[in-house]
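# Structural description and commentary
Single-letter residue listing:
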Amino acid sequence: MKFAFYYSVKNMKRKPLRSALLSALVLLIAFTVFSGAFVIISLQRGLEVYRARLGADIVVVPASATGHGSVDDILLQGITGNYYMSGDICEKVAATEGVEAVTKQFFLTSAKASCCSSRVQIIGFDPDTDFSIMPWIAESYSGTVQDGDVVVGAKIGVPESGRITFYGQEYTIAARLKETGTGLDSAVFANMNTVRKMAVNASSLLKTSPFQGVDIDTAASALLIKVADGYSIEQVTDDINIHITKVKATPAKSMISDISEGLTGTSALIGIIAAVIWAMAVIILVIVFALLSNERKKEFAVLRVMGASRKMLSRIMGTEAAVLGAIGAVIGIILSVLAVFPLSGSIRDMLKLPFFMPDLWVVLLLAAGAFLISVSASVLTALLSAKKITTNDTALLLREDT
Amino acid sequence: MKLKSKGITRSFFRKGRNTNFFYALQKTDFELQEGAVTEIVGRSGSGKTTFANILSGFLVPTEGSLYLDGVDLYALRDERRSILRNRHIGMVPQGQTGLQSLTVLENVLAPAMMYGDMKGREALALQYLEEMKISDLCDVYSNELSGGELRRMSIARALINSPEIIIADEPTGDLDDDTTALVLRLFRRLADKGCSVLIITHEQEAIHYADNIYRMENGILSEIK
């Protein structure tokens with residue numbers, strides 16, 4: 001073992017180009033495995049967080065809210081929209097048979113003007129009935145969101161003053177929420193009183209008010225519904241869609257399943273691309289090792305003349321592959337981390353799917369897995385080549401070159 | 001240490017007019033005399049190198065057995081056979097056989113490093129390199145050596161484990177007259193100390209150092225002295 005290691009190290013040092021090529025191939029394998037798995041896991045985690053955040057069985061929005069600026073857009077991509085249902089529609093929805101609990105949300109888009117710190121989606125919720133946003137706020141903030149307070153998503157920058165301006169009025173930032181990997185990270189939350197006051201200020205400040213014909217005190221942008229036990233979500237959804245006009249009810253799970261389908265497709269595509277790159281790298285590795293073994297036939301024969309066993313030759317090849325593989329794998333994983341972490345925002349925007357980075361222990365586990373897979377691929381292909389060449393009579397290999 | 005072959009043959013695949021194989025070595029019984037220099041002479045392609053490789057323990061014969069002190073070498077597993085070869089048989093192969101990643105000194109020490117017996121080996125390696133007149137090249141990588149220097153390095157390498165049996169295939173092929181004489185004197189001295197030395201050669205000069213001479217012709221070995 002000592003000689004095999006000594007000789008392998010000498011070989012790697014004396015053949016830097018050959019060593020660099022092998023390491024680079026393993027680097028590619030490690031990079032592909034780690035990046036691919038990281039993105040897929042982040043997408044799956046994003047879906048879980050999204051599902052937990054939604055917390056409702058049915059989402060009801062005005063019929064006009066479909067398409068650009070819909071709930072999906074707001075939650076997933078942070079694309080903002082202003083649409084409202086009147087108070088009497090909300091009451092009709094709440095009165096539908098099978099509705100156990102209903103909570104209103106009021107959406108307001110801040111203007112990108114001197115009156116506002118930035119253009120964001122402001123979501124008002126009713127603290128008395130809410131079951132969707134308050135449990136999430138509770139993870140980051142133990143207090144109550146008072147009138148005049150706002151809670152901001154993870155992607156909203158908090159100024160040093162701890163205050164933020166919307167429609168000419170300053171609000172205190174009470175808390176910053178945990179990241180969800182969805183558009184909610186770019187939203188600002190406030191209780192209904194605060195948002196309605198913002199809406200009144202907006203009406204007076206904006207040339208074209210989005211609230212024409214809307215009673216701000218009773219209107220809502222979305223209703224989140226929990227269905228009572230014994231009732232089917234689909235049945236309640238159908239009842240609302242059939243009996244109440246100008247609204248569209250959607251089962252939350254179908255919203256999730258739409259995303260889930262998108263995620264499955266995207267994950268599969270990423271998986272296939274990663275597998276193809278991985279397979280190509282492994283095939284190249286096999287070819288390179290086969291060529292190298294061929295080139296090293298005489299060297300192996302000389303070692304055999306000195307008394308090296310076939311096992312020792314395999315050990316030499318295996319050690320070289322393991323050391324170069326380990327170097328390539330570590331660099332590949334580091335490069336992958338350096339590429340994927342800073343680009344996670346861009347990946348989320350590009351894929352338009354919830355994207356939530358895994359915990360540190362999962363990242364470490366992924367790194368260990370990618371390392372093992374890459375080094376194993378390198379060692380196994382090397383041993384395969386070594387076996388092929390050592391099964392021949394090495395004395396004949398020596399004669400081939402002399 | 002006794003090295004004895006019994007009924008060994010070796011055939012190779014080669015397309016001929018009527019067959020697809022030929023016998024490089026016909027059925028051969030042979031015993032290498034201890035404490036003597038034995039030479040095998042013969043034309044190119046007569047089977048000398050095949051025979052030397054079989055006797056060195058790294059070319060499996062088609063038939064027959066090779067006994068090292070009564071142990072059937074080719075009946076052993078590869079690892080055990082390799083260790084025995086490493087410890088007891090020093091082989092100088094035909095052609096240039098430097099390991100390019102190692103220096104001259106490391107090349108010479110490599111057989112000793114393989115199975116961990118390094119005690120006193122570096123001094124011995126330097127002594128052999130001195131004797132081969134290449135000690136000043138000990139830190140040079142083997143790909144920088146000339147053919148003659150490589151040959152001398154591989155002779156020193158074959159001797160590093162102080163083997164009881166030395167098999168040298170054309171050991172003086174690339175050497176000038178003075179160095180040829182130097183190498184043959186070294187083999188003679190080792191034989192006088194009890195080593196069994198087998199030299200495969202075309203060198204006329206070598207005859208003067210030999211105790212026994214055999215001729216190989218068409219794979220058939222016959223004693224001529």
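Everything below is about the structure shown above.
Residues numbered from 1 in each chain as written. Chains lettered and ligands numbered in written order. Predicted model: local features only at pLDDT ≥ 70, side-chain atom pairs only at ≥ 80, totals over all residues. Heavy atoms only, no water.

## Thoughts on the overall build of chain A
In terms of helices and strands, chain A carries 12 helices and nine strands. In chain A, buried positions account for 52% of the 402 residues. Counting only contacts in chain A whose residues sit at least 6 apart along the sequence, the fraction spanning at least 24 positions is 79%. Total accessible area computed for chain A in this model is approximately 18,000 Å², and 60% of it derives from carbon and sulfur atoms. (Helix = DSSP H or I, 4+ residues; strand = E, 2+ residues; numbered from the N terminus. Buried < 20%, exposed > 50% of the residue type's maximum accessible area, 1.4 Å probe, protein only. Contact = heavy atoms within 4.5 Å. Areas by Shrake-Rupley, 256 points an atom, 1.4 Å probe, with all protein chains shown as cover.)

## Points about the overall build of chain B
Check the secondary structure of chain B and you find six helices and 10 strands. Relative to its length of 225 residues, chain B is compact, with a C-alpha radius of gyration of 17 Å against a globular reference of 17 Å. Principal axes of the C-alpha set define a box for chain B whose edges measure 55 × 40 × 35 Å. In chain B, which comprises 225 residues, the proportion classed as buried is 59%. Pairs at least 24 apart in sequence give 68% of the contacts found in chain B among residues at least 6 apart. Put simply, chain B has 27 plus and 31 minus side-chain charges, and the middle of one group is 7 Å from the middle of the other. (Rg over C-alpha atoms; globule rule 2.2 N^0.38 Å. Lys, Arg positive; Asp, Glu negative; His and termini not counted. Charge placed at Lys NZ, Arg CZ, Asp CG, Glu CD.)

## Points about unusual backbone geometry
Residues and elements named next belong to chain B. Backbone geometry at Lys133 places phi at a positive 60°, although glycine is not the residue there. Note on placement: Lys133 falls in the loop between helix H4 (121-131) and helix H5 (147-159). Non-glycine residue Glu170 carries a positive phi angle of around 50°. On the secondary structure map, Glu170 appears in the loop between strand E7 (165-169) and helix H6 (177-192). Look at Glu170 and you get buried, because its relative accessible area is 12%.

## What to know about a nonpolar patch on the surface
Residue and element names in this part refer to chain A. Side chains of Ile327, Val330, Ile331, Ile334, Leu335 and Leu338 sit close together on the surface and give an oily, nonpolar patch of about 510 Å² of accessible area. Structurally, Ile327 can be placed in helix H10 (residues 310-351). Overall, Ile327 belongs to the partly exposed group, its relative accessible area being 42%. (Patch = residues over 30% accessible without salt bridge, like charges linked within 9 Å, V, L, I, M, F, W, Y side chains within 5 Å. Salt bridge = Lys/Arg side-chain N within 4 Å of Asp/Glu carboxyl O.)

## Structural notes on the sheet that holds strand E8 (residues 196-200) of chain B
Remark on secondary structure: sheet strands pair via backbone hydrogen bonds, oriented parallel or antiparallel. All names here are of chain B. Ordered in space as E6-E7-E8-E3-E9-E10, the six strands form an open sheet in which the pairing is mixed. Strands at the two margins of the open sheet, each flanked by one partner only, are strand E6 (89-92) and strand E10 (220-223). When strand polarity is set aside, the average angle formed by the axes of neighbouring strands in this sheet is 20°. Where strand E9 (residues 212-217) meets E10, four bridges bridge the pair, whose relative direction is antiparallel. Bridging across to E10, Arg215 finds its partner in Ser222. (Pairing = 2+ DSSP bridges. Axes fitted to C-alpha atoms, helices over the stretch in contact; angles between N-to-C directions.)

## Quick notes on the sheet that holds strand E5 (residues 163-166) of chain A
Residue and element names in this part refer to chain A. Within the open sheet, the nine strands sit side by side as E5-E6-E4-E7-E3-E2-E8-E1-E9. Their pairing is mixed. In this open sheet, the two strands that pair with only one neighbour each are E5 and strand E9 (247-251). On average, each strand axis in the sheet is tilted by 30° relative to the strand beside it, whichever way the strands run. Across four bridges, E5 lies against strand E6 (residues 169-176) in antiparallel orientation. Its bridge partner lying in E6, Arg163 is registered against Thr172. Where helix H6 (residues 192-205) meets the sheet, it contacts strand E2 (99-109), strand E3 (121-125), strand E4 (149-152), E5, E6 and strand E7 (187-191), and its direction lies at approximately 35° from that of E2.

## A few points about the packing of helix H3 (residues 104-114) of chain B against H5 of chain B
All names here are of chain B. Running from amino to carboxyl end, H3 crosses H5 at an angle of 35°, the nearest separation of the two axes being 7 Å. The interaxial crossing formed by H3 with H5 has right-handed handedness. Of H5, the residues touching H3 (which contributes Val104, Asn107, Val108 and Pro111) are Met153, Ala156 and Arg157. Tallied by class, residues from the contact of H3 with H5 come to five nonpolar, one polar and one charged. (Left-handed = near helix turned anticlockwise from the far one by under 90°. Nonpolar A, V, L, I, M, F, W, Y, C, P; charged D, E, K, R; others polar.)

## Some remarks on the pattern of salt bridges
Applying the stated criterion to the full structure yields 14 salt bridges over all chains. Across the salt bridge formed by Arg315 of chain A and Glu79 of chain B, the nearest N and O atoms sit 3.8 Å from each other. In this pair, Arg315 of chain A is assigned in helix H10 and Glu79 of chain B in helix H2 (residues 78-88), connecting two distinct chains. What makes Glu79 of chain B partly exposed here is its relative accessible area of 28%. Sharing partners across several salt bridges, the network here consists of Arg18, Arg296, Glu299 and Glu320 of chain A.

## Focus on the interface of chain A and chain B
Every contact between the two is made by 28 residues of chain A and, on the other side, 34 residues of chain B. For the pair chain A and chain B, the summed buried surface comes to about 2,800 Å²; carbon and sulfur atoms form 58% of the total. Inspection of the chain A/chain B interface yields five salt bridges. Among the ionic pairs, Lys10 of chain A bridges to Glu106 of chain B, the shortest N-O distance being 3.0 Å. (Buried area = accessible area lost by both parts, 1.4 Å probe.)

## Notes on a negative patch on the surface
A surface patch of negative charge is lined by Asp176, Asp177, Asp178 and Glu205 of chain B. Mapping Asp177 of chain B onto the fold places it in helix H6.

## Quick look at H2 of chain B
Here H2 of chain B lies mainly inside the structure; eight of its 11 residues are buried. Taken together, the buried positions of H2 of chain B are Asp78, Arg81, Ser82, Ile83, Leu84, Arg85, Asn86 and His88 of chain B.

## Some words on the nonpolar core
Phe3 and Leu303 of chain A together with Phe187 of chain B are the most contacted members of the largest nonpolar core, which totals 96 residues. Looking at this core element by element, the count peaks at 11 residues for helix H2 (residues 16-54) of chain A. Those residues within four positions of Leu303 of chain A in sequence are excluded, and the remaining contacts are Phe3, Tyr7, Ala308, Leu313 and Ile316 of chain A together with Leu99 and Met114 of chain B. (Core = buried A, V, L, I, M, F, W, Y, C linked by side-chain atoms within 4.5 Å.)

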